[in-house]
Amino acid sequence: TNTDKKMSVTPYIKIARFDHWFKNVFMIPGVVVAFYADPDLLQMSVIFKLICGALATGFVASSNYVINELLDAPFDALHPVKKHRPIPSGGVNTKLVYVEWIALALLGLGLAALLGYRFFIPALALWIMGCIYNIPPLRSKDKPYLDVLSESVNNPLRLLLGWYATGIMVFPPVSLLLAYWMVGAFFMAVKRF
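This text gives an overview of the structure that appears in the document.

The rules behind these values
- Residues numbered from 1 in each chain as written.
- Predicted model: local features only at pLDDT ≥ 70, side-chain atom pairs only at ≥ 80, totals over all residues.
- Heavy atoms only, no water.
- Helix = DSSP H or I, 4+ residues; strand = E, 2+ residues; numbered from the N terminus.
- Buried < 20%, exposed > 50% of the residue type's maximum accessible area, 1.4 Å probe, protein only.
- Contact = heavy atoms within 4.5 Å.
- Areas by Shrake-Rupley, 256 points an atom, 1.4 Å probe, with all protein chains shown as cover.
- Expected span 1.5 Å × (residues − 1).
- Axes fitted to C-alpha atoms, helices over the stretch in contact; angles between N-to-C directions.
- Parallel < 35°, antiparallel > 145°, perpendicular 65-115°, else oblique.
- Left-handed = near helix turned anticlockwise from the far one by under 90°.
- Nonpolar A, V, L, I, M, F, W, Y, C, P; charged D, E, K, R; others polar.
- Salt bridge = Lys/Arg side-chain N within 4 Å of Asp/Glu carboxyl O.
- Core = buried A, V, L, I, M, F, W, Y, C linked by side-chain atoms within 4.5 Å.
- 1 Å grid on protein atoms, 1.4 Å probe; cavity = no way out; pocket = protein on both sides within 12 Å on 5 of 7 lines; lining within 4 Å.
- Points joined across faces, edges and corners; volume = space filled by probe spheres on them.

1. Here we look at the overall build of the chain
Across its full length, the chain holds 9 helices and 0 strands. The order of α-helices and β-strands along the chain, N terminus first, is α-α-α-α-α-α-α-α-α. With 193 residues in all, the chain has 44% of them scored as buried. Pairs at least 24 apart in sequence give 75% of the contacts found in the chain among residues at least 6 apart. For the chain, the accessible surface area stands at approximately 10600 Å², while carbon and sulfur atoms represent 74% of it.

2. Section: helix 6 (residues 117-134)
Relative to the 26 Å expected for 18 residues at 1.5 Å per residue, helix 6 spans 25 Å between its end C-alpha atoms, a close match to the ideal helical length. Within the sequence span of helix 6, burial applies to F119, P122, A123, L126, W127, M129, G130, C131, Y133 and N134. Tucked inside the fold, the buried residues of helix 6 contact helix 4 (46-76), helix 5 (94-114), helix 7 (146-152), helix 8 (154-165) and helix 9 (174-192).

3. Focus: the packing of helix 6 against helix 8
Geometrically, a packed helix pair is captured by the angle between its two axes and the distance between the axes. The contact between helix 6 and helix 8 brings their axes to 9 Å, and the two run at 160°. Between helix 6 and helix 8, the angle falls in the class roughly antiparallel. Pair helix 6 / helix 8 crosses with left-handed handedness. Contact residues: helix 6 offers R118, F119, P122, A123, A125, L126 and M129, while helix 8 offers N154, L157, L160, L161, Y164 and A165. A breakdown of the residues in the contact of helix 6 with helix 8 according to their chemical character gives 11 nonpolar, 1 polar and 1 charged.

4. A closer look at the environment of F120
Take F120: it is sitting in helix 6. Residue F120 is classed as partly exposed on the basis of its relative accessible area of 24%. As for F120 and L107, which are separated by 13 residues in sequence, their C-alpha atoms are 12 Å apart.

5. Brief notes about the pattern of salt bridges
In total, this model carries 7 salt bridges according to the counting rule given. With its nearest N and O atoms 2.5 Å apart, the salt bridge here joins K141 to D72. Taken together, the positions of K141 in the loop between helix 6 and helix 7 and D72 in helix 4 put the pair 69 residues apart, joining distant regions of the chain. For the residue pair K141 and D72, the accessibility class agrees, reading buried in each case. Put simply, D142 and R139 hold a salt bridge, and the shortest N to O gap is 2.6 Å. Accessibility expressed as a relative area gives 46% for D142, which makes it partly exposed.

6. Some remarks on unusual backbone geometry
Backbone torsion omega between P136 and P137 reads 10°, so that peptide bond is classified as cis. Among the structural elements, P137 can be located in the loop between helix 6 and helix 7. Phi is positive for R139, which is not a glycine, with a value near 30°. Residue placement: R139 occurs in the loop between helix 6 and helix 7. A positive phi angle, close to 75°, is found at Y145, a residue other than glycine. You can see Y145 is positioned in the loop between helix 6 and helix 7.

7. Description of the nonpolar core
Among the nonpolar cores identified, the biggest contains 44 residues, and V66, I87, V97 and F119 are the most heavily contacted of them. When contributions to this core are tallied by element, the ones reaching two or more residues are helix 2 (10-15), helix 3 (28-37), helix 4, helix 5, helix 6, helix 8 and helix 9. Counting residues per element, this core draws most heavily on helix 4, which supplies 9 residues.

8. A look at the layout of surface pockets
Roughly 860 Å³ of volume is contained in the largest pocket. Surrounding the largest pocket, 32 residues form its lining, K23, Y133, E151, M188 and K191 being those nearest its centre. Elements with a minimum of two residues in the lining of the largest pocket: helix 4, helix 6, helix 7, helix 8 and helix 9. The dominant element in the lining of the largest pocket, judged by the number of residues it contributes, is helix 4, at 7 residues. In the lining of the largest pocket, the residues fall into 9 nonpolar, 11 polar and 12 charged.

Given below as structure tokens:
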């Protein structure tokens, strides 16, 4: 029954899309370029920072996935496949989903704060971009072209997160961030097309 489903933790894990954390791979170019810019950063102590940075980024992204699943549920309920997802199928308590959204954000941003404000700011920006993309009245995902440009901002943000996870103190080349954004925009445009 739906009541039994709502008592299970599995649907709440599913909507956090932990299986999408592989997208943190987009942090790697930031890490590599930072080590190239300052080879002295390459020490054993950086491993903890990189793990903490990847976890922080993952939890922030999961928070964004949760709000996406929640706010897309009315549309997903009309889709032949997506209607079976946990929220449109009634498998979760909506109030708990809001708690999950905020809890994941706080967890991710709390870990980000451990790495300093240089890492925290792009982590916060990643969360804010998820809000802009999903939450009305802005909800950029419903606006052609703007959806591609706003969602692809996550690429340079992930590059910055990889860059600052190393402990580097300087800002990366702006041309690198713009190029990474445009590559992301290209792939998002292809996905939308």
